[in-house]
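An overview of the molecular structure
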Amino acid sequence: MRKILFIGAGFLQKFLIQKAKEIGNITLAVDANPNAVGYQYADKHATIDIIDQEACLRYAQEQNVDGVVTAATDFGVLTASYIAQKLHLPGLSYHTACQVKNKYLVHKRLFDSHADDAKRAYEVSTLNEIAGLEFQLDYPVMVKPCDGSGSRGASKVKCHKDLEDACRLALNQSLSHHAVIEPFYTGEEYGVESFVLEGCIYVLAIMKKRMTNAPYYAELGHIFPSGLPDSVENKIKSSVEKAIKALAIDFGSVNMDLLLTDDGEIHIVDVGVRMGGNLIGSHIVPLGTGVDYMRMILCAATGNLDTAPHIRRKNAVATRLLALRPGQVMGLPDFREIENEFNVSIYQHLEIGTVINEYHTNLDGCGYVVATGSNASIAEQRAEAALRQIDAGIIRK
């Protein structure tokens with residue numbers, strides 16, 4: 001039995017903790033939230049902020065762990081790679097983790113290496129730097145925190161007079177107080193999940209994404225397979241592989257978001273060096289491809305992975321976040337009845353008294369619907385129908 005430390009024990013991390021227990025590991029978890037849901041499934045836990053690298057390292061040393069993992073959040077990546085490096089465990093290079101954490105450096109590496117069709121981006125750390133960019137930017141642009149995730153602090157800017165407000169928002173949401181200003185591209189958004197093992201890159205899934213409209217651009221769900229022609233998927237795979245090499249990503253999961261423009265350009269808009277969130281790694285990849293992805297991640301983290309991933313099938317899978325009408329919950333529908341009616345799985349964290357916020361980012365979601373089907377259209381219809389039924393069945397104050 002191997003001891004695995006999980007950096008983060010929230011709703012999305014609990015699936016990986018459960019999987020680790022299922023295959024016979026001893027599970028330990030740390031999270032700043034003393035009531036983190038993942039604690040229910042871990043053998044041991046400690047309330048430690050996951051961005052506190054030294055505190056998490058001390059806990060890992062005390063517990064004599066055999067592996068360290070983070071998933072579905074960017075905030076645990078640095079800490080997981082730091083612990084792996086200090087304890088000589090399998091893991092992503094800490095230097096690489098630091099580089100990938102900075103969205104500006106990522107964009108610059110992709111631009112310099114011609115990994116995709118990106119144009120130049122700019123970095124700012126103070127509002128005073130904005131004036132010097134007035135004649136260098138072609139509007140619209142996208143402004144984001146350099147170290148953000150989940151669309152928090154990101155906004156589209158149509159003209160220079162609005163740039164200061166957007167940069168202020170992004171800087172305030174950034175832990176390092178840096179923002180990146182990128183060209184704004186229009187097109188369909190796709191997610192790509194890959195795994196790097198012993199120098200080999202395995203692109204496991206290309207998924208079409210459903211997004212909210214401006215100004216928030218938050219995820220609403222994914223569809224697999226993507227529906228793209230093989231030639232386009234092959235071009236995406238080539239860009240993803242070039243990006244992974246350009247960023248010197250040498251181990252583990254890689255989650256990317258990209259835009260495909262009407263004229264066929266590929267623009268990688270985000271890179272995460274951990275298992276994809278929003279049920280990508282825990283549900284879409286295994287259901288859609290037959291790859292036991294979470295087991296693979298856990299085995300790699302303990303140096304016990306001796307076989308490469310093999311995609312056995314392509315089943316249609318669609319997910320929908322529970323992006324619901326706002327209000328305070330006074331009554332809930334019968335979720336089991338909805339699951340049976342539409343042949344879906346529902347994962348939710350609603351209860352009487354829950355306040356549902358207007359949906360601006362993934363954090364405003366209240367759970368997920370997962371549907372499979374004989375094709376992507378049927379899976380998506382099931383997920384959408386179940387989501388509507390859930391929303392209609394909630395009694396609000």
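The sections below set out a description of the structure shown in this document. Computed from a prediction, not measured in an experiment: that's the story for all the values here.

Each helix and strand counted, the protein chain has eleven helices and 19 strands in total. Its C-alpha atoms give the protein chain a radius of gyration of 21 Å, near enough to 21 Å, the size a compact globule of 397 residues would have. Seen through its principal axes, the protein chain has C-alpha atoms that stretch 55 × 50 × 45 Å. A burial count over the protein chain gives 56% of its 397 residues as buried.

In this structure, the amide linkage connecting Y139 to the following residue, P140, adopts the cis form with an omega of 5 degrees. Looking at the element boundaries, P140 is found in the loop between strand 5 (122-124) and strand 6 (141-145). At L279, a position not held by glycine, the phi torsion is positive, near 70 degrees. Along the chain, L279 falls in the loop between strand 13 (266-272) and helix 8 (280-289).

Another point: the packing of aromatic side chains. Within this structure, the stated rule accounts for five aromatic pairs. Taken together, a centroid distance of 6.1 Å and an interplanar angle of 10 degrees make the contact between F11 and Y368 stacked. Here Y368 lies in strand 18 (residues 367-373) and F11 lies in the loop between strand 1 (3-7) and helix 1 (14-22), a separation of 357 residues in the sequence. Note on Y368: relative accessible area 6%, which makes it buried. Geometrically, the ring pair formed by F195 and Y293 is edge-to-face, given 6.3 Å between the ring centres and 85 degrees between the ring planes. Of this pair, F195 sits in strand 9 (residues 188-197) while Y293 sits in helix 9 (residues 293-301); the two residues are 98 residues apart in sequence, bridging distant segments of the chain. A relative accessible area of 2% means that F195 is categorised as buried. Chaining the aromatic ring pairs together yields one cluster made of F11, F15, Y347 and Y368.

It is worth spelling out helix 2 (residues 53-63) at this point. Those residues of helix 2 that sit buried are Q53, A55, C56, L57, Y59, A60 and Q63. The inward-facing, buried residues of helix 2 abut strand 1, strand 2 (26-31), strand 3 (44-47), helix 3 (77-86) and helix 4 (94-101). Remark: N64 follows helix 2 within two positions and exhibits a positive phi of approximately 55 degrees.

Calculation criteria
Residues numbered from 1 in each chain as written. Predicted model: local features only at pLDDT ≥ 70, side-chain atom pairs only at ≥ 80, totals over all residues. Heavy atoms only, no water. Helix = DSSP H or I, 4+ residues; strand = E, 2+ residues; numbered from the N terminus. Rg over C-alpha atoms; globule rule 2.2 N^0.38 Å. Buried < 20%, exposed > 50% of the residue type's maximum accessible area, 1.4 Å probe, protein only. Phe/Tyr/Trp six-rings, centres within 6.5 Å; stacked < 30°, edge-to-face > 60°. Contact = heavy atoms within 4.5 Å.

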